[in-house]
Amino acid sequence: MADETIGVVGAGIVGLAVARELTRRRPGTRVVVLEKENRVAAHQTGHNSGVVHAGIYYQPGSLKAKLCTRGGALLREYCEERRLPYQECGKLVVAVSDDDVARMDALAARAGSNMVPGLRRVGPREIGEIEPHATGLAALWSPRTAITDYVRISESFAGDVTAAGGEIRLNFGVDRVRAVTGGLEVGSGPEALTVDRLVVCAGIQSDLVAGLAGDTPVPRIIPFRGEYMRINPEKAGMIRGLIYPVPDPRYPFLGVHFTRRVDGTVEVGPNAVLATAREGYRRADLSLRDLAGIVSYPGMWRMAARHWRTGLHEMRGSVSKKAYMRAARRYVPAIGASDVVRAGSGVRAQALDRDGALVDDFRIHRLGPVTAVRNAPSPAATSSLAIAEHVTDVLLAA
Ligand SMILES: Cc1cc2nc3c(=O)[nH]c(=O)nc-3n(C[C@H](O)[C@H](O)[C@H](O)COP(=O)(O)OP(=O)(O)OC[C@H]3O[C@@H](n4cnc5c(N)ncnc54)[C@H](O)[C@@H]3O)c2cc1C
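These notes cover the structure that comes with them. (Residues numbered from 1 in each chain as written. Predicted model: local features only at pLDDT ≥ 70, side-chain atom pairs only at ≥ 80, totals over all residues. Heavy atoms only, no water.)

## A word on the packing of aromatic side chains
Two numbers describe a pair of aromatic rings. These are the distance of the centres and the angle of the planes. Counting across every chain of the model gives three aromatic pairs. Summarising the aromatic geometry, the rings of Tyr57 and Tyr58 are spaced 5.9 Å apart at their centres and angled 65 degrees between planes, so their arrangement reads as edge-to-face. Taking relative accessible area as the criterion, Tyr57 reaches 7% and is therefore assigned buried. When its relative accessible area of 6% is taken as the criterion, Tyr58 is described as buried. (Phe/Tyr/Trp six-rings, centres within 6.5 Å; stacked < 30°, edge-to-face > 60°. Buried < 20%, exposed > 50% of the residue type's maximum accessible area, 1.4 Å probe, protein only.)

As structure tokens, then:
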């Protein structure tokens with residue numbers, strides 16, 4: 001007989017890592033993962049860049065900085081132990097203007113505080129030695145940044161959960177949570193499960209699911225679609241690893257980058273376009289319910305007033321391959337619109353506060369028996385094992 005039952009909503013990499021950690025830390029506990037899709041990793045986890053970040057970008061002392069460093073190290077060990085793909089192909093963060101150079105130097109100081117292993121500043125000659133087709137005035141070289149396959153890692157976490165006696169219930173879309181004698185009833189249509197505690201790791205739906213469990217509606221999740229292009233095979237060999245721009249510090253997104261995948265393909269992207277559906281992977285996807293939720297949120301209008309220019313620029317790139325590749329060509333001039341094909345997209349769950357501020361850090365809190373992950377954007381896949389430790393600490397705190 002189990003000591004208690006803990007439900008985890010969401011079988012993305014975060015929910016699965018949390019469930020795995022719970023089975024390890026609380027062996028007598030019954031852990032049940034509830035997932036609305038018919039497979040694990042169906043949303044953000046299965047539609048990302050596959051990069052294991054080294055911790056360059058994050059505000060020192062933030063949860064992102066701490067959990068990315070620890071999570072990256074844990075993930076590396078895990079991949080080695082389970083023989084999952086993990087390639088340290090390295091990353092160049094390239095400055096192509098004087099403004100970029102100033103921002104890059106500020107980034108280098110931040111990366112120093114975060115103790116990013118092996119990071120160093122390189123000039124144009126070394127840029128060419130590391131990535132023969134990249135150009136720039138200067139760059140940060142992060143040799144330990146890696147690539148992996150987050151779907152395979154998630155499947156492996158799910159295997160760990162079931163091997164430890166936990167359950168993964170697919171096709172269980174949580175549509176209600178209510179207090180009952182002895183715990184919380186979590187329902188999906190005619191099915192229901194009573195749990196003692198609940199962890200919400202619902203990604204792009206996290207504000208809605210947390211709301212079902214009585215949590216505050218703020219911050220609201222705003223969906224930002226990230227579209228990718230794939231470089232044609234005859235030119236894919238021109239990119240050895242990862243080539244990133246210096247990010248604009250006003251945004252939590254890293255900018256369109258060149259990404260080698262573990263299967264040998266190379267992609268350019270993702271951009272960041274406001275989506276009209278939470279799970280809107282195509283430009284034409286529209287959910288009236290989601291759209292109404294977006295436009296009725298005061299934070300949305302405050303954000304739009306601040307960032308409409310960038311929004312328009314991103315939309316232009318979304319519609320025109322040429323416009324999309326114009327930005328990318330500043331880093332690798334030899335790859336243009338005719339060298340790429342459209343290659344799918346992912347939708348980022350980005351939390352937005354009521355004042356219009358994009359929530360930068362991970363946001364995780366507890367409300368009685370419910371622990372909610374309310375903002376887990378990039379680098380949450382990299383950090384997943386460390387987020388799981390943190391969530392478990394929050395959940396088990398007196
Ligand atoms: C385009 C893109 C590129 C990225 N690149 C990187 C990268 O290179 N490196 C990195 O570290 N991070 C990256 N990220 C971020 C990373 O993918 C996410 O932070 C991470 O996958 C979040 O995991 P999650 O489990 O919280 O969310 P998800 O993977 O979205 O999982 C949430 C799950 O909850 C389920 N769910 C939702 N509602 C319900 C409900 N009512 N009932 C039951 N289940 C429900 C969903 O079906 C889903 O399976 C990227 C993200 C995107 C979108």
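## Side note on the sheet that holds strand β4 (residues 86-87)
Overall, antiparallel pairing links the three strands, which are arranged β3-β8-β4 in an open sheet. Of all strands in the sheet, those bounded by a partner on one side alone are β3 (51-52) and β4. Of the strand pairs in this sheet, β3 and strand β8 (residues 146-148) are connected by two bridges, and their pairing is antiparallel. Its bridge partner being in β8, Val52 is matched across the sheet by Ala146. (Pairing = 2+ DSSP bridges. Helix = DSSP H or I, 4+ residues; strand = E, 2+ residues; numbered from the N terminus.)

## With respect to helix α5 (residues 150-163)
For α5, built from 14 residues, the straight-helix expectation of 20 Å at 1.5 Å per residue is met to within 8% by its first-to-last C-alpha distance of 20 Å. Turning to α5, its buried residues number three or more, namely Tyr150, Ile153, Ser154, Ser156, Phe157, Ala158, Asp160 and Val161. Sitting at the amino-terminal end of α5 is Asp149, which places a side-chain oxygen 3.0 Å from the backbone nitrogen of Val151. Downstream of α5 by one or two residues, Gly165 has phi in the positive range, about 100 degrees. (Expected span 1.5 Å × (residues − 1). Polar contact = N/O pair within 3.5 Å; in protein donor to acceptor, adjacent residues only side chain to side chain.)

## Digging into helix α9 (residues 298-319)
Helix length check: α9, at 22 residues, gives a terminal C-alpha distance of 27 Å against a target of 32 Å (1.5 Å per residue), a shortfall beyond 12%. Three or more residues of α9 are buried, namely Gly299, Met300, Met303, His307, Glu314, Gly317 and Ser318. Those residues of α9 hidden inside the fold are in contact with β14 (220-231), β18 (273-274), α8 (288-295), α10 (321-328) and β19 (340-352). (Contact = heavy atoms within 4.5 Å.)

## Focus: the packing of helix α1 (residues 13-25) against helix α11 (residues 380-396)
Between α1 and α11, the least distance of the axes is 8 Å, while the angle of their chain directions is 50 degrees. The pairing of α1 with α11 is recorded here as oblique in orientation. Of the two elements, α1 crosses α11, and the hand of that crossing is right-handed. Touching Ile13, Val14, Ala17, Val18, Arg20, Glu21, Leu22 and Arg25 of α1 are Ala380, Ala381, Ser384, Leu385, Ile387, Ala388, Glu389, Val391, Thr392, Asp393, Leu395 and Leu396, all from α11. (Axes fitted to C-alpha atoms, helices over the stretch in contact; angles between N-to-C directions. Parallel < 35°, antiparallel > 145°, perpendicular 65-115°, else oblique. Left-handed = near helix turned anticlockwise from the far one by under 90°.)

## Section: the pairing of strand β2 (residues 30-34)
Most of β2 sits inside the fold, with four of its five residues counted as buried. Of the strand pairs in this sheet, strand β1 (residues 5-9) and β2 are connected by five bridges, and their pairing is parallel. Directly across from Ile6, in β2, lies its bridge partner Val31. In this view, the connection linking β1 to its parallel neighbour β2 by way of α1 has right-handed handedness. Sheet topology places β2 next to strand β9 (residues 167-169); three bridges connect them, and they run parallel. By the bridge assignment, Val32 is partnered in β9 with Glu167. (Right-handed = clockwise from strand over helix to strand, strands pointing away.)

## Notes on the nonpolar core
Side chains of a nonpolar character, in soluble globular proteins, are inclined to be buried together. Counting 41 residues, the largest nonpolar core has Val8, Val18 and Phe157 as its most contacted members. In terms of residue count, α11 provides more of this core than any other element does, eight residues in total. (Core = buried A, V, L, I, M, F, W, Y, C linked by side-chain atoms within 4.5 Å.)

## Here we look at the pattern of salt bridges
If you walk through the whole model with that rule in mind, you get 34 salt bridges. Residues Asp339 and Lys235 are paired through a salt bridge, measuring 3.2 Å at the closest nitrogen-oxygen approach. Residue Asp339 is found in the loop between α10 and β19, and its partner Lys235 is found in helix α7 (residues 233-236); the two are separated by 104 residues along the sequence. For Arg289, the salt bridge identified is with Asp290, shortest N-O distance 3.5 Å. Judged by relative accessible area, which is 57%, Arg289 ranks as exposed. Because the salt bridges share partners, they merge into one network encompassing Arg20, Glu81, Arg82 and Asp160. (Salt bridge = Lys/Arg side-chain N within 4 Å of Asp/Glu carboxyl O.)

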